[in-house]
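Chain and residue survey
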Amino acid sequence: MQKLNPRSIVPDKVSLPAKLFLIGMIFSGLGNGVVNVVLQLYLLSLGFNSEAIGSIIMMNAIGAALLTIPAGILADRYGTKKIVLFGFSLWWLGAILALTTRSVEVFRLAFLVIGVSNAISAVWTPIYSYFFESGDMDRAFGLLGFLNIISMSIGSLLGFIPPMLVANHGFTFQSAYWTVLTLGVGISVLQTPFLLCSQRGAVESKNEEGFTFNLKSKSVVAKFSLLTVIGSLGVGVFFSLFPYYANKKFGIESDALGSLFFISNLTSAGANVLAPRVSKRLGALKAIVIAISLCVPFYLMIPLAPSFTWLSLIYITRFSVRAMANPLVTSLFMKLVHGEEKATANSIRTMAMQGGSVVAPWLGGQIMAHVSLDAPTSLGAGLYAIHATLYYFLLRNVKEAQTTS
């Protein structure tokens, strides 16, 4: 059996700023892992239904859509270092609002503010790319994805805490979920100093032409934006409400959900690590198309799952296969756009993702409430089939050499 060579998954050179960035993203992943497990169950404990939860999640995407493109333009024009503190400040404000209210309206406001702060995150991908040469990009984003997913896996294990607090310490599920949610927010805050310090090592290519959408890479950006909208709709119409689905269909609480997220994230991390090797053998585009295509049958199997065990097996397999494509998509996009346009280009792509995320949870919540819990899976599978097909036909003739400065 061939041993895995660390050089095949780790860039040749990882600078100190890159290491600081990765540490920051580990804390971000830990916090997100905690929040992803308990948030929707906490909202359920407050008496919110799928329509209300979908509308709350939707506000995050609306907030991000408001500022994503301006954030990218400002970053390319003036540098990223001058805007990220604004994003962190908004995130803290939104988190405080979410932790101190039980009102649907205030939750919507909190997620709107958090969404606006998330718009700033569009600049993190270009920042990270500046730490590496083009030849190391696949491995760099594979490593980033691996560490982020591993940290999310560990964070998701904190889903075991709420049932323990209820069983052994007299907590209600509502208070237990709130306690763990607060812990997750606290962990996320620890990312701030590491990410801020990492920027000192980012050698950016600034655009001195002012505020303009006359991108040299506009064709590539347009194609990736269309693909991103479809992909975001395809995954979000069902999986954005997966904790709600699992609780309503099988009565699952945060401990079982945390275990599922832990295992699925571990296998997804392995897929991220293997992605550069698969890309080297098949080519990035072919690997992306195959990975997305293989998700379709697993999407269609979800309504057929007779138990949470079978649902978990399908969920784990589907997410592991899809994870193979994630770092390759980001790496390919970063290699196809001009250096001085990276933040602007990525902000447009991120806004396209948020556009899909605005519609997907709202639509999924409506379908679950008025048709059936399982109905969104058929729509998601169809969108993924379109997603894979368009990837091939839109990008098969795009060459890196055509976009180099």
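Data block above holds the structure.
Our subject in this report is the structure included herewith. Numbers given for residues are sequential positions, taken from 1 along each chain in its written order. Local features in a predicted model are, by the rule used here, given only for residues with pLDDT of at least 70; side-chain atom pairs are given and counted only at 80 or more, and totals for whole chains, interfaces and linings are based on all residues. For side-chain calculations, the full set of non-hydrogen atoms in the structure is used, while hydrogens and water are omitted.

1. A few points about the side chain of aspartate 136
Note the following rule: Elements are defined by DSSP. Helices are runs of H or I of four residues or more, strands are runs of E of two residues or more, and each kind is numbered from the N terminus. Under the scheme applied here, a residue whose accessible area is under 20% of the maximum for its type counts as buried, over 50% as exposed, and between as partly exposed, the area being computed with a 1.4 Å probe on protein chains only.
Here aspartate 136 lies in the loop between helix H5 (124-129) and helix H6 (137-156). Judged by relative accessible area, which is 10%, aspartate 136 ranks as buried.

2. Concerning the packing of aromatic side chains
Where we set the bar: Two rings from Phe, Tyr or Trp (for Trp, the six-membered ring) form a pair when their centres are within 6.5 Å of each other. A pair whose planes differ by under 30 degrees is stacked, one over 60 is edge-to-face, and the rest are tilted. Distance and angle both matter: a charge sits over a ring if NZ of Lys or CZ of Arg is within 6 Å of the ring centre and within 35 degrees of the ring normal.
Scanning all chains against the criterion turns up 27 aromatic pairs. An aromatic cluster of three or more residues is present, and its members are Phe238, Phe239, Phe242, Tyr245, Phe261, Tyr299, Tyr315, Phe319 and Tyr384. A cation sits over an aromatic face here: arginine 318 above phenylalanine 319, 4.5 Å from the ring centre. A cation sits over an aromatic face here: arginine 349 above phenylalanine 333, 5.2 Å from the ring centre.

3. Thoughts on the pattern of salt bridges
We apply this condition: Think of a salt bridge as a Lys or Arg side-chain nitrogen and an Asp or Glu carboxyl oxygen that are within 4 Å of each other.
Going through the model one piece at a time under the given rule, you end up with two salt bridges. Notably, a salt bridge pairs aspartate 136 with arginine 139, separated by 2.3 Å at the nearest N-O pair. In this structure, aspartate 136 and arginine 139 share a single accessibility class: buried. Between lysine 249 and aspartate 374 there is a salt bridge, with its nearest N and O atoms 3.1 Å apart. In this pair, lysine 249 sits in helix H11 (residues 242-250) while aspartate 374 sits in the loop between helix H16 (342-370) and helix H17 (375-395), placing the two residues 125 residues apart along the sequence. Classification of lysine 249 by relative accessible area gives partly exposed; the value is 28%. A relative accessible area of 21% means that aspartate 374 is categorised as partly exposed.

4. So, the nonpolar core
So the rule is basically this: Among buried residues, those of type Ala, Val, Leu, Ile, Met, Phe, Trp, Tyr and Cys that are joined through side-chain atoms within 4.5 Å constitute a nonpolar core. Contacts: residue pairs with any heavy atoms within 4.5 Å of one another.
Counting residues in hydrophobic clusters, the biggest one holds 111 residues, and the most contacted among them are Phe242 and Tyr391. The element contributing the most residues to this core is helix H1 (residues 16-45), with 13 residues. Apart from the residues lying within four places of it in its own chain, the contact partners of phenylalanine 242 are Gln40, Leu257, Leu260, Phe261, Leu311 and Tyr315.

5. Here's the deal with the side chain of glutamine 191
Position of glutamine 191 among the secondary structure elements: in helix H9 (residues 191-198). Overall, glutamine 191 belongs to the buried group, its relative accessible area being 12%.

6. A closer look at the packing of helix H8 (residues 173-189) against H9
Our working rule: For helices, the fitted line uses only the C-alpha atoms of the stretch in contact; every axis is such a line through C-alpha atoms, and the angle between N-to-C directions lies from 0 to 180 degrees. Small angles under 35 degrees read as roughly parallel and large ones over 145 as roughly antiparallel, with 65 to 115 read as roughly perpendicular and the rest as oblique. For this classification, the nonpolar set comprises Ala, Val, Leu, Ile, Met, Phe, Trp, Tyr, Cys and Pro, the charged set comprises Asp, Glu, Lys and Arg, and every other residue, Gly included, is treated as polar.
Relative orientation of the contacting elements H8 and H9 amounts to 20°, with a least axis distance of 5 Å. Classified by the angle between their axes, H8 and H9 sit roughly parallel to one another. Here Ile187, Ser188 and Val189 of H8 lie close against H9, whose contacting residues are Gln191, Thr192 and Pro193. Of the residues contributing to the contact of H8 with H9, the split by class is three nonpolar, three polar and no charged.

7. Side note on a nonpolar patch on the surface
For clarity, the threshold we go by: Candidates for patches are residues over 30% relative accessible area with no salt bridge; among them, like charges are joined within 9 Å and nonpolar side chains (Val, Leu, Ile, Met, Phe, Trp, Tyr) within 5 Å. Computed with a 1.4 Å probe, the accessible areas rest on the Shrake-Rupley method; for each residue, only the protein chains presented here act as cover.
Together, Leu157, Phe160 and Met164 make up an exposed nonpolar region whose accessible area comes to about 250 Å². Within the element layout of this structure, leucine 157 appears in the loop between H6 and helix H7 (161-169). For leucine 157, a relative accessible area of 31% gives the class partly exposed.

8. A short note on the environment of serine 254
The line we're drawing: Residues adjacent in sequence count toward polar contacts only when both atoms are side-chain atoms; beyond that, a polar contact is any pair of N or O atoms within 3.5 Å, and within protein one must be able to donate a hydrogen and the other to accept it.
On the secondary structure map, serine 254 appears in helix H12 (residues 254-282). In the structure, serine 254 is positioned 124 residues away from tyrosine 130 in sequence and 38 Å away in space, judged by C-alpha atoms. Leave out the neighbours within four places in its chain, and serine 254 touches Val37, Val38, Leu41, Gly159, Phe160, Pro162, Pro163 and Tyr177. A distance of 2.6 Å separates the side chain of serine 254 from the backbone oxygen of glycine 159, its partner in a polar contact.

9. Re H9
Going by this rule: Picture the helix axis, draw a direction to every C-beta atom, and the arc is the one those directions span.
Along H9, the residues that are buried comprise Gln191, Thr192, Leu195 and Ser198. Angularly, the buried residues of H9 cover 140° about the axis, an arc narrow enough to put them on a single face. Where the residues of H9 are buried, they touch H1, helix H3 (84-99), H5 and H8.

10. Some details on the environment of histidine 169
Checked against the element boundaries, histidine 169 lands in helix H7. Look at histidine 169 and you get exposed, because its relative accessible area is 57%. Once the C-alpha coordinates of histidine 169 and valine 180 are considered, the two residues, 11 residues apart in sequence, prove to be 14 Å apart.

11. So, the environment of isoleucine 57
The topology assignment puts isoleucine 57 in helix H2 (residues 50-78). Apart from residues lying up to four places away in sequence, isoleucine 57 is in contact with Gln40, Phe111, Ser240, Leu241 and Pro361.

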